Each structure stands twice: as C-alpha cells, then as structure tokens.
Amino acid sequence: MVGLPYDCLANPLGAVRLTFEKAVASGSDPATLDGKDWGAGELFRQFLFDDDGLSQVPMLNQSTIKWVQPNTLVRFRGMIQDMLGNEYYVGAYKDGDMWRTNKFADTSRCPMDASSDMRIWERRLLYCVPIPGQNSWVESSHEAVRNSISPQREKRQREDDATMSDVDMVEPGYALEDSPNPKKMREDGMALEPLGLQKIVAEGNLSTLSLVPDAETNSLPCLVKIYDFPESDLKLNDVFEFVGIFTFDPDLTVDRDDNDELTDNFCEDTLIYLPSTKVPRLHCVVHRKLIGTDFLSNPQLELTPYVIKEVREALLGHLTAVLGNDRVAAQYMLLHLLSRVHARIDSIAVGKLSLNLTCFNKESISVFGNHLKLVMESLLPFTQCLPLTVDYLNTVSLAPKKNYHTNRLECGILQLAEGTHLTIDETSLQTGTLNSKGCENARVLKNMMDSQKVEYDFTYYKMEMAADVQLLILSEGKSNILPADLVLPFRPSSVDSALGVDGEMLKAWRWYLATMKSLPHSIEPHMQKAVEDDLVAARQADRSLGSQEFSRWLTMGRLMSVSFGETCLSMEHWQMVRELERLRKERLLGNM
C-alpha cells in the first residue's frame, strides 16, 4: 500500500505544495488562492489535533534551535512585541506548464525571473519574543515534549534524507525540494550550497553571525509570518503559540550587493535589521492565544468545592507564613493575585486591584521582600520586579518607543504580557531630582496604576495601549508616586525561615490561581439590592466614602467569591470583605 507523499512533521512543505497542485489541477485559479486555504491548513489541523501530532512537534527555543532542522514543523510560544506590517512575495508562479507555490517559504525552489508568469501575494509579519518575566517552572512544563523529540532526530533526519529518493511513497521532486539539507535553487537559477546552521559567513555588510542566541540574554526572538487569518485575531502584547514551518534560508543573507530587480522589489527594509541568522523565521499554519491554564504542567484537578476550599486554605496559610504571620495581609494578597481587568468602562479598568504594603524598612525588605519575590516567581508564570529610585527613573525606558530608522518598536520595561505581576520596591527611593525622562517615566507608571494603560511613544504622538498587570508596591509609607487601590500597613510578627513547599502542592496552587482567576462572575438581583442597601448605610455612617471605595468593595466581593470557586456573590463573602476593610481601616488609623 502506498502511503502519503509527504510527512507533515519532517516535510511540511511537501504537504503544502502537493495540496496546492491538486487544487490547481482540480480547476482552481491560482490568482484566487491568495488568502485562502486550498486544503493545506485543514491537513495540518487534522495532523496536529485529530491525529494527536501536536505532542510530536518540538518547541523552538534557545535550546532546541541547536538541533531543530530547517523546513520542519515547530512550535513557538511568545509575545507579539511588534507588528511589522505586510510583506509581498511571489506566492504562485508557473514552472513550464506547472503552477507551483512559495507559500510558507522564504525563497523559490525553482528558477524564476521577472518574465515568469507569477502571482504576487502578501503575508503579515509579527516580531515575537519570549514572554517577558517568564519563570523557569513554565519552561519545565515543556520538557516532556522536548525529550520526546531528542537531538537524535537530527541524525535520523540525515539518514532519512539519504534514503528518501528510494522510497516509493514520496512523490518525485518533493524529496529534493523540501528536505533540509540538499542544494536549493536561488531565484536567479544559481545553485546554493547548504550552509551550516551554527555559523553562517555572510557577504556584503553582514559579518559572521550565529543563529544561536547570546547565552547571557537567554532569549530567542522569532519572526512569525501569518497567512489567511483576520488581523483582529492578533494584537500587540498578546501571547500566542504558533505552529509553523521553521525556515533558515542562507540566500537571504548572502549576495546583498546583487542588483536582482525582482528580489529588491519585494525586500522589506525592516528585515535588514532582523537577519535570519539572528531571528529565525516561522511560517505559521496554526496559532492559538494562550491563557493562564495553558502554562500549567500538571493535569487539571477536579473542580469541586471541597478541593477548591482545601487548596485555598493551604495557599492562604503559605502566604501568611511568607508574610510573617500577618493573615490580614495574606488575605489581601490572595485577592490581589486573583485580580484581573475583566471590563473597561470609559477610562476605568474594572477588576484591577493594586496593593501597596507599607511599613517596610531596609531590614524588613531584605527578608520579606525577598520572600515575596520568591513566592511570586513560584506561583505565577510571568513576574517582574522594578526598583524605584531616582537614578532608575532618570535612565531607563519604561514605555516602548518607535524607532523610525529601523522601523521597529523598541521594547520598554512596561511592555508586558497580560496577567504579568509587577512588584515595585520603593524602599530605596531617596530625595533627588527627576530629569525630563524621569518625570515622564513617573507619569507613565502612575497612568498604568490608575487606568491599566501604557503610553507608547511614536515621537510625533503617543498612543495608549491597554494593559492587565497586577501591581504590588512595597514602601515605607504610603506611595505618593503610585497611589494604589489598597494601602495596607504590613505587620509581621515572626520570620519563618523554612518556607519550602512540596512540588505537587505548588502545582495545585498554580492551578488554583489560574483557574479561579478565569471564572466568570455575576451578582444576582436579590444580592444586588442587599449590597446597595449596605452601601447606602455605609455612606450615611461615613460621608468620606465615595464611588471609588464602593467600586473597590464590589471588586473585592467578586474576588472573594471566585477565591472559593463561586461565580455569584453571596452575603457571606460580602461580609468577609466588609470585615477585611474594617481591619484595614483600623490599621490605617493606628498608623497615623
């Protein structure tokens, strides 16, 4: 029995080209296939999801790039850091009497010149980076996938290439075209010798470059090329998993001085600053937006009230120990960790709950600040720490800025993925003078705290981009630069030096936080009336209370409910919030 004439994993371009030629042979006009799936996408989705092929696809990162072969199927997880617009390319062309396609490839595999019968198509370019602040335990969740496809695959691939032409199941022409190692034809008809993946000697203005990222940065960006998907599906700073064809084409980095009219017409200036020897290309066939539960490394626990309550109490006990036996602070910390922006009304980000813990000094911050840093890194997938000092504000770039020379958006520290936790240490802030950059940075931080928006600098104008970042401020007194939603004096009574946690318990807490955070929530009519009556009574008792306080209480009520796995506010949880706020007010009055 003759099998399929391609391998979706090792020879995906064979699948693309065969399905294209079949579509053309069945009567489809190549001019009408731009932006459409002629069957290749359906084929890959069947392989990845129906046939469970996704588990076989290696993750492209700084470790696997040493052995992953070009023109094979890979996965890349990252944040969309910049959207580079559209790129025009020769999508289909006539080779004699046969129509062929260059879709999902960087170069043509057959001789072609300006007189060829061709169709110009377009694709979108996304510059993606590893998710800022991603913690090491997230990477460990992919180890099973990486181990299932070991570096031995490179050796097997070479053996397969040597014997592929003798296998009857492979259609003539595809073995040589799409295997990673054979000679290829440049668009001007000249043969290209395969170049080593680890070291490419590029002519012209490019020097010797390494595809392997700098070990110090430990970061591998990726240029993702998008086909056939609506623009609204992909937004700046979104985190995606892209499955696509990893390409490494040395003809894109050699002979830069050639005056090839056809090639020059479709070369984007932006890509000159993103050589493939530094930024690998991935031609996306399937993508999906990632949410918190996608980063969990263990099977999901059964969602029962008993399990949720048990996990909640264990986590609350751990947070209490980390915070020096301050259970009130631990309860506020739990609500803070479950917060997210779930709606926007005008300039108000509904659902955010920033927290300012005060009464820190140099001694306590070195102990409890470090404990908090470690616990955040162990529980949350993305965390960042920011030391707020005058020198820091005067020198760093917090907001992203457009560089018109390279036509790139230069990343700022506050260009963060949705759900990132940011701890700001204000305890080292001393008296000093902010320069213009420092004042701008302070304003950007305050705007992020107030509205969960970051101003991106496009030189001639500024554009606000929505954010969803959990903000925790550690300070000696109430922060005047960053007014948080909640200010709580920190009152530890002990220091627990033994904060080790069982690995399975950590997995349970991660699952709990990610799952509870994503729960929907509502207030039923009878409960809404009870809350309104309580707010009226509170306003009569304390005329200083206003809409901000009431809005915060409602947010806390929602978070208290979801912390128990409930999707509707109950009177019990509302009373728990009111009691917490009473205790917090007592501390604030006692700290004056």
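Model, not experiment: these values are computed from the prediction.

Chemist: Could you give me a rundown of the pairing of strand β7 (residues 239–247), with the residues and numbers involved?
Modeler: Taking burial as the measure, the 9 residues of β7 include 9 buried ones, the bulk of the element. For strand β1 (residues 72–95) and β7, the ladder comprises 8 bridges, and the chain directions are antiparallel. Paired with Phe 76 across the strands is Phe 242, a residue of β7. Bridging between β7 and strand β8 (residues 281–289) involves 8 bridges; their strand directions are antiparallel. Its bridge partner lying in β8, Phe 240 is registered against Lys 289.

Chemist: Help me get a handle on the nonpolar core, residues and values and all.
Modeler: Formed by 50 residues in total, the largest nonpolar core has its most connected members in Met 333, Leu 357, Leu 372, Tyr 512 and Leu 513. Sorting elements by how many residues they give to this core places helix α10 (residues 327–338) first, with 9 residues. Mapping this core onto the domain boundaries places at least three of its residues in each of domain 2 (305–508) and domain 3 (519–591). Look past the residues within four positions of Leu 357 in its chain and what remains in contact with it is Leu 323, Met 333, Leu 372, Leu 472, Ile 473, Leu 474, Ser 475 and Leu 488. Of all hydrophobic cores here, the second largest spans 47 residues; its members include Tyr 392, Leu 409, Val 444 and Ile 473.

Chemist: Help me get a handle on the pattern of salt bridges, residues and values and all.
Modeler: Taken as a whole and judged by the stated rule, the model has 33 salt bridges. The closest approach of N and O atoms between Lys 462 and Asp 457, which form a salt bridge, is 3.8 Å. By relative accessible area, which is 42% here, Lys 462 ends up partly exposed. One salt-bridge network, in which partners are shared between bridges, spans Arg 75, Arg 77, Glu 241, Arg 288 and Asp 294.

Chemist: Got a sec to walk through the confidence of the model for the protein? Specific residues and values, please.
Modeler: On average, residues of the protein score 81 in pLDDT, and 79% of them are at 70 or above. The element-level mean pLDDT for the protein is lowest in strand β5 (residues 191–192), coming to 34, with α10 highest at 98. Scored below 50 in pLDDT, residues 144–216 makes 148 contacts in the model with residues more than four places away or belonging to other chains. Here residues 253–268 is modelled with pLDDT under 50, and outside its nearest four sequence neighbours on either side it reaches 28 contacts, counting other chains as well.

Chemist: An account of empty space enclosed by the protein is requested, with residue identities and associated values reported.
Modeler: By the definition in use, this model includes 3 cavities of 30 Å³ or more. The volume enclosed by the largest cavity comes to roughly 80 Å³. Residue lining of the largest cavity: 13 residues in total, with Lys 352, Leu 353, Gln 452, Val 469 and Gln 470 positioned closest to the centre. For the lining of the largest cavity, the class distribution of residues is 5 nonpolar, 4 polar and 4 charged.

Chemist: Give a detailed account of the packing of helix α9 (residues 305–322) against helix α11 (residues 362–379), specifying residues and quantitative values.
Modeler: Interaxial distance between α9 and α11 falls to 9 Å at its minimum, and their mutual angle equals 155°. As the angle between them shows, α9 and α11 are arranged roughly antiparallel. Contacts from Leu 315, His 318, Leu 319 and Val 322 in α9 reach Phe 368, His 371, Leu 372, Val 375 and Leu 379 in α11. Partitioned by chemical class, the residues of the contact of α9 with α11 number 7 nonpolar, 2 polar and no charged.

Chemist: Which residues make up a nonpolar patch on the surface, and what values do they have?
Modeler: Residues Tyr 404, Tyr 460, Tyr 461 and Met 463 make up a contiguous nonpolar surface patch of about 480 Å² in total accessible area. Relative to the elements of secondary structure, Tyr 404 occurs in the loop between β13 (401–403) and β14 (408–410).

Chemist: Residues and numbers for the side chain of Thr 427, please.
Modeler: Its place among the elements puts Thr 427 in the loop between β15 (421–425) and α13 (436–451). Engagement of the side chain of Thr 427 in a polar contact is seen with the side chain of Asp 425, the distance being 2.5 Å.

Chemist: How would you sum up the layout of surface pockets? Please name residues and give values.
Modeler: A volume near 1,300 Å³ is recorded for the largest pocket. As for the largest pocket, its lining consists of 41 residues, and the residues nearest its centre are Asp 485, Gln 548, Glu 549, Arg 552 and Arg 584. Secondary-structure elements contributing two or more residues to the lining of the largest pocket are β10 (348–350), α13, β19 (486–489), α15 (525–541), α16 (547–563) and α17 (571–590). Residue classes in the lining of the largest pocket are distributed as 18 nonpolar, 11 polar and 12 charged. Roughly 880 Å³ of internal volume is contained in the second largest pocket. Classifying every residue of the lining of the second largest pocket gives 20 nonpolar, 5 polar and 9 charged.

Chemist: So what's going on with the environment of Lys 401? Which residues, and what values?
Modeler: Secondary-structure assignment places Lys 401 in strand β13. Distance in space between the C-alpha atoms of Lys 401 and Phe 458 is 5.9 Å, their sequence separation being 57 residues. Discounting residues that sit within four places of it in the chain, Lys 401 has contacts with Arg 408, Leu 409, Glu 410, Asp 457 and Thr 459.

About the cut-offs
- Residues numbered from 1 in each chain as written.
- Predicted model: local features only at pLDDT ≥ 70, side-chain atom pairs only at ≥ 80, totals over all residues.
- Heavy atoms only, no water.
- Buried < 20%, exposed > 50% of the residue type's maximum accessible area, 1.4 Å probe, protein only.
- Helix = DSSP H or I, 4+ residues; strand = E, 2+ residues; numbered from the N terminus.
- Pairing = 2+ DSSP bridges.
- Core = buried A, V, L, I, M, F, W, Y, C linked by side-chain atoms within 4.5 Å.
- Domains from an automatic or database assignment.
- Contact = heavy atoms within 4.5 Å.
- Salt bridge = Lys/Arg side-chain N within 4 Å of Asp/Glu carboxyl O.
- pLDDT = per-residue confidence, 0-100.
- 1 Å grid on protein atoms, 1.4 Å probe; cavity = no way out; pocket = protein on both sides within 12 Å on 5 of 7 lines; lining within 4 Å.
- Points joined across faces, edges and corners; volume = space filled by probe spheres on them.
- Nonpolar A, V, L, I, M, F, W, Y, C, P; charged D, E, K, R; others polar.
- Axes fitted to C-alpha atoms, helices over the stretch in contact; angles between N-to-C directions.
- Parallel < 35°, antiparallel > 145°, perpendicular 65-115°, else oblique.
- Patch = residues over 30% accessible without salt bridge, like charges linked within 9 Å, V, L, I, M, F, W, Y side chains within 5 Å.
- Areas by Shrake-Rupley, 256 points an atom, 1.4 Å probe, with all protein chains shown as cover.
- Polar contact = N/O pair within 3.5 Å; in protein donor to acceptor, adjacent residues only side chain to side chain.

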